[in-house]
Amino acid sequence: MDIALAGPGRLSRRWTSRTTSRLSLLLVILGLLIVPLRPALAQGDGQGWPVEERCVPQAMEPSGEWVFPGVILAAGWAGLHGIRADLETPFVVAFYDDWLEWPGRENLSPDGQWFAMAQGQFVEGILFTDSLQVNAIVVYSTDDPAERYTIEWDNWIDGVHNNSPTRQLRWWDEDHLIYQQVNEDYPLRALFFINPFSGEIRSFTDGLVVPSQGYFFYPSPDWTRAVVNPFDDYIDWSLQDLISGETLISFRTAQSAIADWKPDSSGFMMQMEAVSDVFDWYGDASLVLVSREGTVLETVFEVAGSSGFFSKYSYYTHGWSADGRYFAFVPYVGQSNLGLLYIADTQDRVVINTCIMTGNGGLAWSPDGAMLSFLAGGNGQRRVEVLEISSWQLHSIAFHDGRIIGWRE
(Lines give C-alpha, C1' and ligand atoms only; values in the text may rest on other atoms or scores of the structure.)
Protein backbone atom coordinates (compact mmCIF):
# COMPACT_ATOMS: atom_id res chain seq x y z
CA MET A 1 0.00 0.00 0.00
CA ASP A 2 1.31 3.44 -0.92
CA ILE A 3 0.79 6.43 1.34
CA ALA A 4 1.33 9.89 -0.12
CA LEU A 5 2.39 12.57 2.32
CA ALA A 6 2.08 15.94 0.63
CA GLY A 7 3.95 18.89 2.05
CA PRO A 8 3.01 22.56 1.83
CA GLY A 9 4.75 22.92 -1.57
CA ARG A 10 4.74 20.88 -4.71
CA LEU A 11 6.97 18.13 -3.36
CA SER A 12 5.43 14.95 -1.99
CA ARG A 13 6.95 11.80 -0.50
CA ARG A 14 5.69 8.30 -1.16
CA TRP A 15 6.09 5.66 1.51
CA THR A 16 5.74 2.01 0.47
CA SER A 17 5.08 -1.05 2.62
CA ARG A 18 8.78 -2.03 2.24
CA THR A 19 9.83 1.42 3.49
CA THR A 20 7.45 1.08 6.41
CA SER A 21 8.90 -2.32 7.29
CA ARG A 22 12.45 -0.93 7.22
CA LEU A 23 11.38 1.97 9.39
CA SER A 24 9.76 -0.41 11.85
CA LEU A 25 12.97 -2.43 12.05
CA LEU A 26 14.97 0.74 12.66
CA LEU A 27 12.61 1.78 15.44
CA VAL A 28 12.94 -1.64 17.07
CA ILE A 29 16.75 -1.35 16.99
CA LEU A 30 16.61 2.15 18.48
CA GLY A 31 14.20 0.89 21.10
CA LEU A 32 16.66 -1.81 22.12
CA LEU A 33 19.39 0.78 22.45
CA ILE A 34 17.42 3.01 24.78
CA VAL A 35 15.85 0.28 26.88
CA PRO A 36 16.95 1.26 30.38
CA LEU A 37 19.40 -1.05 32.03
CA ARG A 38 17.89 -2.47 35.19
CA PRO A 39 20.29 -2.18 38.12
CA ALA A 40 21.49 -5.53 39.39
CA LEU A 41 20.37 -4.56 42.87
CA ALA A 42 16.76 -3.84 41.90
CA GLN A 43 15.27 -7.33 42.16
CA GLY A 44 12.16 -6.40 44.15
CA ASP A 45 8.60 -7.35 43.22
CA GLY A 46 8.18 -4.16 41.22
CA GLN A 47 4.79 -3.44 42.75
CA GLY A 48 5.41 -1.30 45.77
CA TRP A 49 3.43 -1.36 48.99
CA PRO A 50 -0.24 -0.29 49.02
CA VAL A 51 -0.64 3.48 49.26
CA GLU A 52 -3.33 4.66 51.65
CA GLU A 53 -4.55 8.23 51.64
CA ARG A 54 -4.86 9.45 55.21
CA CYS A 55 -5.16 13.18 54.82
CA VAL A 56 -4.02 15.09 57.88
CA PRO A 57 -6.42 17.83 59.05
CA GLN A 58 -5.28 21.42 58.63
CA ALA A 59 -2.62 22.53 61.08
CA MET A 60 -3.84 24.19 64.25
CA GLU A 61 -2.20 26.39 66.82
CA PRO A 62 -1.11 24.39 69.88
CA SER A 63 -3.38 24.69 72.87
CA GLY A 64 -2.06 25.14 76.38
CA GLU A 65 -2.42 21.41 77.00
CA TRP A 66 -0.34 20.23 74.03
CA VAL A 67 3.46 20.40 74.13
CA PHE A 68 6.29 18.73 72.26
CA PRO A 69 9.42 17.40 73.97
CA GLY A 70 13.00 18.59 73.62
CA VAL A 71 14.41 21.06 71.10
CA ILE A 72 13.86 21.07 67.34
CA LEU A 73 17.00 22.30 65.57
CA ALA A 74 16.83 24.38 62.38
CA ALA A 75 19.70 25.73 60.24
CA GLY A 76 19.35 29.19 58.72
CA TRP A 77 21.30 32.06 57.26
CA ALA A 78 22.08 33.58 60.64
CA GLY A 79 23.04 30.40 62.42
CA LEU A 80 21.56 27.35 64.09
CA HIS A 81 18.26 27.92 65.85
CA GLY A 82 16.30 26.00 68.43
CA ILE A 83 12.53 25.70 68.76
CA ARG A 84 11.05 24.84 72.15
CA ALA A 85 7.48 24.44 73.35
CA ASP A 86 7.89 27.07 76.07
CA LEU A 87 9.11 29.79 73.68
CA GLU A 88 7.00 31.59 71.08
CA THR A 89 9.83 32.14 68.57
CA PRO A 90 13.03 30.27 67.63
CA PHE A 91 16.13 31.14 69.63
CA VAL A 92 19.78 31.28 68.54
CA VAL A 93 21.73 28.14 69.38
CA ALA A 94 24.95 29.23 67.67
CA PHE A 95 26.24 31.71 65.10
CA TYR A 96 28.53 30.28 62.44
CA ASP A 97 30.87 32.24 60.20
CA ASP A 98 32.96 31.54 57.08
CA TRP A 99 30.56 28.69 56.39
CA LEU A 100 30.44 26.88 53.08
CA GLU A 101 26.92 25.55 53.46
CA TRP A 102 24.28 24.94 56.08
CA PRO A 103 24.78 21.96 58.38
CA GLY A 104 22.70 18.82 57.91
CA ARG A 105 21.49 16.09 60.19
CA GLU A 106 24.71 14.06 59.78
CA ASN A 107 26.57 16.99 61.36
CA LEU A 108 24.75 16.53 64.67
CA SER A 109 26.34 14.30 67.28
CA PRO A 110 24.26 11.21 68.19
CA ASP A 111 22.99 12.89 71.36
CA GLY A 112 22.34 16.20 69.58
CA GLN A 113 24.60 18.12 71.97
CA TRP A 114 27.07 19.21 69.25
CA PHE A 115 27.16 20.00 65.56
CA ALA A 116 30.16 20.27 63.27
CA MET A 117 30.80 22.46 60.23
CA ALA A 118 33.55 22.94 57.68
CA GLN A 119 34.87 26.47 57.20
CA GLY A 120 36.70 27.80 54.17
CA GLN A 121 36.02 29.37 50.80
CA PHE A 122 34.89 28.57 47.27
CA VAL A 123 37.50 28.45 44.52
CA GLU A 124 36.38 28.97 40.95
CA GLY A 125 36.36 25.71 39.02
CA ILE A 126 35.64 24.51 35.52
CA LEU A 127 32.66 22.86 33.86
CA PHE A 128 30.18 24.70 36.06
CA THR A 129 31.53 23.27 39.30
CA ASP A 130 33.37 24.99 42.11
CA SER A 131 36.23 23.67 44.17
CA LEU A 132 36.09 24.09 47.91
CA GLN A 133 39.03 24.83 50.16
CA VAL A 134 38.40 23.78 53.76
CA ASN A 135 40.56 25.56 56.33
CA ALA A 136 39.03 24.44 59.60
CA ILE A 137 36.49 22.22 61.32
CA VAL A 138 34.40 23.97 63.95
CA VAL A 139 32.28 22.14 66.52
CA TYR A 140 29.50 24.10 68.22
CA SER A 141 27.51 23.34 71.34
CA THR A 142 23.72 23.22 71.01
CA ASP A 143 23.47 24.26 74.69
CA ASP A 144 25.85 27.21 74.96
CA PRO A 145 26.31 29.59 71.99
CA ALA A 146 29.73 30.63 73.32
CA GLU A 147 31.15 27.11 73.48
CA ARG A 148 32.97 25.98 70.36
CA TYR A 149 36.08 24.03 69.34
CA THR A 150 38.20 24.67 66.24
CA ILE A 151 40.51 22.22 64.47
CA GLU A 152 42.72 23.56 61.66
CA TRP A 153 42.31 21.52 58.51
CA ASP A 154 43.57 21.36 54.92
CA ASN A 155 41.09 19.80 52.56
CA TRP A 156 40.29 20.34 48.90
CA ILE A 157 36.99 19.16 47.47
CA ASP A 158 35.94 19.35 43.84
CA GLY A 159 32.26 19.99 43.27
CA VAL A 160 29.36 20.64 45.56
CA HIS A 161 25.95 18.93 45.93
CA ASN A 162 26.45 15.36 47.29
CA ASN A 163 30.22 15.82 47.35
CA SER A 164 30.06 18.63 49.86
CA PRO A 165 32.50 19.55 52.62
CA THR A 166 29.98 19.67 55.44
CA ARG A 167 27.95 16.64 54.44
CA GLN A 168 31.12 14.53 54.61
CA LEU A 169 31.58 15.39 58.29
CA ARG A 170 30.22 12.48 60.30
CA TRP A 171 30.17 11.56 63.97
CA TRP A 172 31.59 8.26 65.19
CA ASP A 173 30.19 8.76 68.68
CA GLU A 174 29.43 11.68 71.01
CA ASP A 175 33.12 12.62 71.23
CA HIS A 176 34.69 11.83 67.86
CA LEU A 177 34.34 12.93 64.25
CA ILE A 178 35.32 11.17 61.03
CA TYR A 179 36.44 13.47 58.22
CA GLN A 180 38.30 13.21 54.95
CA GLN A 181 41.42 14.95 53.75
CA VAL A 182 42.43 15.47 50.13
CA ASN A 183 45.45 17.65 49.40
CA GLU A 184 49.03 17.42 48.08
CA ASP A 185 50.00 15.01 50.83
CA TYR A 186 46.88 12.90 50.40
CA PRO A 187 45.94 12.88 46.68
CA LEU A 188 43.50 10.05 47.39
CA ARG A 189 40.98 10.54 50.11
CA ALA A 190 42.20 9.68 53.59
CA LEU A 191 39.88 9.51 56.59
CA PHE A 192 40.86 10.77 60.01
CA PHE A 193 39.59 10.17 63.51
CA ILE A 194 39.19 13.51 65.28
CA ASN A 195 38.48 14.39 68.89
CA PRO A 196 37.56 18.08 68.63
CA PHE A 197 37.58 18.52 72.39
CA SER A 198 41.13 17.25 73.04
CA GLY A 199 42.56 18.07 69.60
CA GLU A 200 43.62 14.45 69.01
CA ILE A 201 43.83 13.50 65.31
CA ARG A 202 44.86 10.10 63.99
CA SER A 203 44.46 8.07 60.85
CA PHE A 204 41.12 6.34 60.73
CA THR A 205 41.83 2.64 60.36
CA ASP A 206 40.61 0.64 63.36
CA GLY A 207 40.56 -2.47 61.21
CA LEU A 208 38.25 -0.93 58.63
CA VAL A 209 38.83 -0.97 54.88
CA VAL A 210 37.56 2.39 53.65
CA PRO A 211 37.60 3.00 49.88
CA SER A 212 40.13 5.65 48.87
CA GLN A 213 37.78 6.64 46.05
CA GLY A 214 34.09 7.24 46.36
CA TYR A 215 33.14 10.63 47.63
CA PHE A 216 29.44 9.83 47.73
CA PHE A 217 29.93 7.76 50.83
CA TYR A 218 27.07 6.60 53.07
CA PRO A 219 28.30 4.49 56.01
CA SER A 220 25.97 2.50 58.23
CA PRO A 221 25.60 3.83 61.79
CA ASP A 222 27.75 0.98 63.10
CA TRP A 223 30.43 1.64 60.43
CA THR A 224 30.50 -1.93 59.13
CA ARG A 225 28.94 -1.19 55.72
CA ALA A 226 28.91 1.70 53.28
CA VAL A 227 27.12 2.56 50.06
CA VAL A 228 29.74 4.11 47.78
CA ASN A 229 29.73 5.95 44.47
CA PRO A 230 33.08 6.78 42.79
CA PHE A 231 33.79 10.45 42.31
CA ASP A 232 34.29 10.07 38.57
CA ASP A 233 31.30 7.80 37.89
CA TYR A 234 27.84 9.07 38.64
CA ILE A 235 25.74 5.94 38.06
CA ASP A 236 27.88 2.98 39.21
CA TRP A 237 27.39 2.28 42.90
CA SER A 238 28.40 -0.50 45.28
CA LEU A 239 27.74 -1.78 48.77
CA GLN A 240 31.02 -2.29 50.62
CA ASP A 241 31.87 -4.38 53.67
CA LEU A 242 34.13 -2.05 55.65
CA ILE A 243 35.53 -4.91 57.75
CA SER A 244 36.73 -7.16 54.92
CA GLY A 245 36.86 -4.62 52.09
CA GLU A 246 34.63 -6.90 50.02
CA THR A 247 32.23 -5.48 47.46
CA LEU A 248 28.96 -7.14 48.40
CA ILE A 249 27.04 -6.00 45.36
CA SER A 250 27.31 -3.50 42.50
CA PHE A 251 24.39 -1.67 40.95
CA ARG A 252 23.48 1.32 38.83
CA THR A 253 21.18 4.18 39.66
CA ALA A 254 20.91 7.94 39.37
CA GLN A 255 23.69 10.27 40.48
CA SER A 256 21.32 11.97 42.92
CA ALA A 257 20.63 8.72 44.78
CA ILE A 258 21.04 8.76 48.54
CA ALA A 259 21.23 5.74 50.85
CA ASP A 260 19.43 6.26 54.15
CA TRP A 261 20.44 3.61 56.70
CA LYS A 262 18.12 2.29 59.38
CA PRO A 263 19.20 3.33 62.90
CA ASP A 264 20.14 -0.27 63.78
CA SER A 265 22.25 -0.68 60.58
CA SER A 266 20.16 -3.68 59.46
CA GLY A 267 19.45 -2.16 56.05
CA PHE A 268 18.79 1.01 54.13
CA MET A 269 16.31 2.77 51.88
CA MET A 270 17.56 3.82 48.47
CA GLN A 271 16.12 5.06 45.24
CA MET A 272 16.71 2.93 42.19
CA GLU A 273 16.28 4.39 38.73
CA ALA A 274 16.63 2.77 35.32
CA VAL A 275 19.58 4.25 33.45
CA SER A 276 20.97 3.95 29.92
CA ASP A 277 24.59 4.30 28.88
CA VAL A 278 23.55 5.49 25.42
CA PHE A 279 21.50 8.55 26.24
CA ASP A 280 22.27 9.09 29.94
CA TRP A 281 18.54 8.73 30.49
CA TYR A 282 16.79 8.14 33.79
CA GLY A 283 13.57 6.18 33.83
CA ASP A 284 11.05 4.98 36.36
CA ALA A 285 12.14 5.30 39.98
CA SER A 286 11.60 2.86 42.86
CA LEU A 287 12.20 3.31 46.54
CA VAL A 288 13.59 -0.01 47.75
CA LEU A 289 14.40 -1.46 51.16
CA VAL A 290 17.77 -3.22 51.04
CA SER A 291 19.35 -5.51 53.63
CA ARG A 292 22.87 -4.94 54.92
CA GLU A 293 23.97 -7.88 52.76
CA GLY A 294 22.72 -6.18 49.59
CA THR A 295 19.48 -8.11 49.09
CA VAL A 296 16.43 -6.13 48.05
CA LEU A 297 13.85 -7.00 50.67
CA GLU A 298 10.95 -5.18 49.05
CA THR A 299 10.00 -2.45 46.64
CA VAL A 300 8.32 0.13 48.84
CA PHE A 301 7.19 2.86 46.44
CA GLU A 302 7.28 3.54 42.72
CA VAL A 303 6.94 6.66 40.59
CA ALA A 304 6.67 6.33 36.81
CA GLY A 305 8.94 8.69 34.89
CA SER A 306 10.17 10.25 38.11
CA SER A 307 12.95 12.78 38.29
CA GLY A 308 14.16 11.02 41.40
CA PHE A 309 13.19 10.71 45.03
CA PHE A 310 16.09 12.61 46.51
CA SER A 311 17.25 15.35 44.16
CA LYS A 312 19.77 18.10 44.82
CA TYR A 313 16.82 20.15 46.03
CA SER A 314 15.74 17.54 48.58
CA TYR A 315 18.74 16.07 50.39
CA TYR A 316 16.99 16.23 53.72
CA THR A 317 13.38 15.41 52.87
CA HIS A 318 13.62 11.84 54.17
CA GLY A 319 14.46 10.08 57.40
CA TRP A 320 13.87 7.13 59.73
CA SER A 321 12.13 7.24 63.08
CA ALA A 322 14.41 6.19 65.96
CA ASP A 323 12.79 2.76 66.27
CA GLY A 324 13.17 2.09 62.53
CA ARG A 325 9.44 1.57 61.99
CA TYR A 326 8.63 4.68 59.95
CA PHE A 327 10.41 6.19 56.99
CA ALA A 328 9.24 9.66 55.97
CA PHE A 329 10.01 10.90 52.47
CA VAL A 330 9.02 13.31 49.73
CA PRO A 331 9.29 11.64 46.28
CA TYR A 332 10.58 14.72 44.50
CA VAL A 333 11.06 18.36 45.34
CA GLY A 334 11.97 20.59 42.41
CA GLN A 335 12.67 24.29 42.23
CA SER A 336 9.03 24.96 43.09
CA ASN A 337 9.88 23.59 46.56
CA LEU A 338 6.63 21.65 46.83
CA GLY A 339 6.08 17.92 47.28
CA LEU A 340 3.76 15.50 49.06
CA LEU A 341 4.86 13.99 52.34
CA TYR A 342 4.63 10.20 52.55
CA ILE A 343 5.33 7.91 55.50
CA ALA A 344 6.25 4.26 54.93
CA ASP A 345 5.17 2.03 57.82
CA THR A 346 7.56 -0.95 57.72
CA GLN A 347 5.53 -2.84 60.33
CA ASP A 348 2.19 -2.73 58.47
CA ARG A 349 3.91 -2.61 55.04
CA VAL A 350 1.90 0.34 53.82
CA VAL A 351 2.80 3.79 52.47
CA ILE A 352 0.70 6.61 53.88
CA ASN A 353 -0.07 9.68 51.80
CA THR A 354 -0.51 12.45 54.35
CA CYS A 355 -1.78 14.94 51.71
CA ILE A 356 0.61 17.47 53.27
CA MET A 357 2.49 19.71 50.85
CA THR A 358 6.00 20.26 52.11
CA GLY A 359 9.29 21.14 50.42
CA ASN A 360 13.04 20.93 50.85
CA GLY A 361 13.00 22.35 54.36
CA GLY A 362 14.10 19.08 55.91
CA LEU A 363 12.40 16.93 58.50
CA ALA A 364 13.26 15.35 61.84
CA TRP A 365 11.69 12.74 64.06
CA SER A 366 11.35 13.27 67.79
CA PRO A 367 13.75 11.14 69.87
CA ASP A 368 10.91 8.78 70.81
CA GLY A 369 9.62 8.51 67.24
CA ALA A 370 6.15 9.74 68.20
CA MET A 371 6.27 13.04 66.27
CA LEU A 372 7.62 14.34 62.97
CA SER A 373 8.70 17.95 62.41
CA PHE A 374 9.14 19.68 59.04
CA LEU A 375 8.71 22.98 57.23
CA ALA A 376 5.67 23.71 55.12
CA GLY A 377 6.27 23.98 51.38
CA GLY A 378 6.99 27.22 49.58
CA ASN A 379 9.68 29.85 49.93
CA GLY A 380 10.68 32.45 52.51
CA GLN A 381 9.28 32.22 56.02
CA ARG A 382 7.41 28.94 56.33
CA ARG A 383 5.47 27.28 59.10
CA VAL A 384 7.29 24.83 61.33
CA GLU A 385 4.84 21.98 61.74
CA VAL A 386 4.73 18.94 63.98
CA LEU A 387 2.73 15.84 63.07
CA GLU A 388 1.69 13.69 66.03
CA ILE A 389 1.59 10.11 64.73
CA SER A 390 -0.77 8.61 67.33
CA SER A 391 -3.50 11.27 66.99
CA TRP A 392 -2.72 12.19 63.37
CA GLN A 393 -2.93 15.87 64.35
CA LEU A 394 -0.81 18.60 62.79
CA HIS A 395 0.37 21.52 64.91
CA SER A 396 1.86 24.79 63.66
CA ILE A 397 4.45 25.84 66.23
CA ALA A 398 6.67 28.58 64.69
CA PHE A 399 8.08 30.09 61.49
CA HIS A 400 11.49 29.60 59.91
CA ASP A 401 13.18 30.21 56.55
CA GLY A 402 15.87 27.53 56.67
CA ARG A 403 15.95 23.77 57.17
CA ILE A 404 15.01 21.37 59.97
CA ILE A 405 18.07 19.21 60.71
CA GLY A 406 17.40 17.47 64.02
CA TRP A 407 15.48 17.02 67.23
CA ARG A 408 17.29 16.61 70.53
CA GLU A 409 16.10 15.84 74.03
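So, how was this worked out
- Numbering of residues starts from 1 in each chain and follows the order in which that chain's sequence is written.
- Thresholds applied to this predicted model are a pLDDT of at least 70 for local features of residues and 80 or more for the giving and counting of side-chain atom pairs; totals over whole chains, interfaces and linings are not thresholded and use all residues.
- With hydrogens and water excluded, all non-hydrogen atoms of the structure serve as input to the side-chain values.
- Note on conventions: DSSP H or I runs of at least 4 residues are helices, E runs of at least 2 residues are strands, and numbering of each starts at the N terminus.
- For the exposure calls, accessible area comes from a 1.4 Å probe over protein chains only, and a residue counts as buried if that area is under 20% of its type's maximum, exposed if over 50%, partly exposed in between.
- Residue contacts are counted whenever heavy atoms from the two residues lie within 4.5 Å of one another.
- Exposure was quantified through the Shrake-Rupley algorithm and a 1.4 Å probe, taking into account, for residues, occlusion by the shown protein chains and nothing else.
- When DSSP locates at least two bridges between a pair of strands, those strands are taken to pair.
- Axis lines are fitted to C-alpha atoms, over the contacting stretch for helices. Their N-to-C directions set the angle, which ranges from 0 to 180 degrees.
- Remark: nonpolar core denotes a set of buried residues (Ala, Val, Leu, Ile, Met, Phe, Trp, Tyr, Cys) joined through side-chain atoms within 4.5 Å.
- Whenever a carboxyl oxygen of Asp or Glu lies within 4 Å of a side-chain nitrogen of Lys or Arg, that contact is scored as a salt bridge.
- Each patch is built from residues lacking any salt bridge and having more than 30% relative accessible area; the joining distance is 9 Å for like charges and 5 Å for nonpolar side chains (Val, Leu, Ile, Met, Phe, Trp, Tyr).
- In this count, Lys and Arg are taken as positive residues and Asp and Glu as negative ones, while His and the chain termini are left out.
- Just so you know, the charge point we use is NZ for Lys, CZ for Arg, CG for Asp and CD for Glu.
- pLDDT expresses how confident the predictor is about each individual residue, on a scale running from 0 to 100.
- In this analysis, rings of Phe, Tyr and Trp, with Trp reduced to its six-membered ring, are considered paired at centre separations within 6.5 Å, and the interplanar angle assigns stacked below 30 degrees, edge-to-face beyond 60, and tilted for intermediate values.

Caption draft 1: Seen up close, the overall build of the chain. If you tally the helices and strands in the chain, you get 1 helix and 29 strands. Expressed as a percentage of its 409 residues, the buried residues of the chain come to 52%. If you take every contact in the chain between residues at least 6 apart in sequence, the share linking residues at least 24 apart comes to 47%. Surface summary for the chain: the accessible area is close to 19000 Å², and the carbon and sulfur share equals 53%.

Caption draft 2: Focus on the sheet that holds strand S29 (residues 403–408). Read across the sheet, 4 strands follow the order S6-S5-S4-S29 without closing on themselves; strand pairing throughout is antiparallel. Here the strands that pair on one side only, and so sit at the sheet edges, are strand S6 (91–94) and S29. Averaged over all pairs of adjacent strands, the angle between strand axes in this sheet comes to 35°, irrespective of strand direction. Here strand S5 (residues 80–83) pairs with S6 via 3 bridges, running antiparallel. The residue of S6 that forms the bridge with Leu80 is Ala94.

Caption draft 3: Quick peek at the nonpolar core. Counting residues in each nonpolar core, the largest one holds 17 residues, and the members touching the most others are Leu341, Ile343, Leu372, Phe374 and Leu387. Of all the elements in the fold, those that place two or more residues in this core are strand S23 (326–329), strand S24 (339–345), strand S25 (350–365) and strand S26 (371–376). Ranked by residue count, the leading element in this core is S25, at 5 residues. Residues within four places of Leu387 in sequence aside, it is in contact with Val56, Ile343, Ala370, Met371, Leu372, Phe374, Trp392, Gln393 and Leu394. Phe216, Leu239, Phe268 and Val290 belong to the second-largest nonpolar core, a separate cluster that totals 16 residues.

Caption draft 4: Layout of the pattern of salt bridges. Throughout the structure, instances matching the rule amount to 13 salt bridges. A salt bridge links Asp143 to Arg408; the shortest N-O distance between them is 2.8 Å. Taken together, the residues span a long stretch of sequence, with Asp143 in the loop between strand S8 (131–141) and strand S9 (148–158) and Arg408 in strand S29 at a distance of 265 residues. What makes Arg408 buried here is its relative accessible area of 10%. Between Arg325 and Asp345 there is a salt bridge, with the nearest N and O atoms lying 2.9 Å from each other.

Caption draft 5: Summary view of the sheet that holds strand S16 (residues 236–241). Within the open sheet, the 4 strands sit side by side as S14-S15-S16-S17. Their pairing is antiparallel. At either end of the open sheet lies a strand with only one pairing partner, and these are strand S14 (216–219) and strand S17 (247–252). Going from strand to strand, the sheet's axes swing by 15° on average, the running direction of each strand aside. Relative to S17, S16 runs antiparallel, the two being bridged by 5 bridges. Opposite Trp237, over in S17, you have Phe251 as the bridge partner.

Caption draft 6: Structural detail: a negative patch on the surface. Together, Asp111, Glu174, Asp175, Asp368 and Glu409 give the surface a local cluster of negative charge. Within the element layout of this structure, Glu409 appears in the segment after S29.

Caption draft 7: Quick peek at unusual backbone geometry. Here Ser265, not a glycine, exhibits a phi torsion of approximately 65°, which is positive. Looking at the secondary structure, you find Ser265 in the loop between strand S18 (260–261) and strand S19 (267–276). Its relative accessible area of 2% is what places Ser265 among the buried residues.

Caption draft 8: Spatial organisation of the environment of Trp172. With respect to the secondary-structure elements, Trp172 resides in strand S10 (residues 170–173). Separated by 50 residues in the primary sequence, Trp172 and Asp222 place their C-alpha atoms 8.5 Å from one another.

Caption draft 9: Layout of the confidence of the model for the chain. Overall, the predicted model of the chain reaches an average pLDDT of 76, with 68% of residues at or above 70. Overall, residues 1–45 carries pLDDT values under 50, and its contacts beyond four positions in sequence, including any with other chains, amount to 48 contacts.

Caption draft 10: Molecular detail of the packing of aromatic side chains. Per the counting criterion, the structure on display carries 18 aromatic pairs. The interplanar angle of 40° and the centroid separation of 6.0 Å between the aromatic rings of Trp153 and Tyr179 together place this pair among those described as tilted. Of this pair, Trp153 sits in strand S9 while Tyr179 sits in strand S11 (residues 176–181), and the two are 26 residues apart along the sequence. Residue Trp153 shares its accessibility class with Tyr179, and that shared class is buried. A centroid spacing of 5.0 Å and a plane angle of 55° characterise the contact between Trp320 and Phe327, whose relative ring orientation is tilted. You'll find Trp320 and Phe327 in the same group, each marked buried.

Caption draft 11: Inspection of the environment of Pro103 at higher detail. Among the secondary structure elements, Pro103 is positioned in the loop between S6 and strand S7 (114–123). For Pro103, a relative accessible area of 0% puts it in the buried group. Distance from Pro103 to Gly79, taken between C-alpha atoms, is 9.5 Å for residues 24 residues apart in sequence.

Caption draft 12: Looking closely at the pairing of strand S4 (residues 71–75). Among the 5 residues in S4, 5 count as buried, and that is most of the element. Residue alternation in S4 divides its side chains into two sets, Val71, Leu73 and Ala75 and Ile72 and Ala74, and both sets are buried. As paired elements, S4 and S29 share 5 bridges and run antiparallel to each other. Bridging across to S29, Ile72 finds its partner in Trp407.

Caption draft 13: Structural view of the environment of Ala59. Tracing the backbone through its elements, the reader meets Ala59 in the loop between strand S3 (51–53) and S4. With a relative accessible area of 25%, Ala59 lands in the partly exposed category. On a C-alpha basis, the gap between Ala59 and Ile356 in space is 9.9 Å, while along the polypeptide they are 297 residues apart. Contact partners of Ala59, with chain neighbours within four places excluded, come to Glu385, Leu394, His395 and Ser396.

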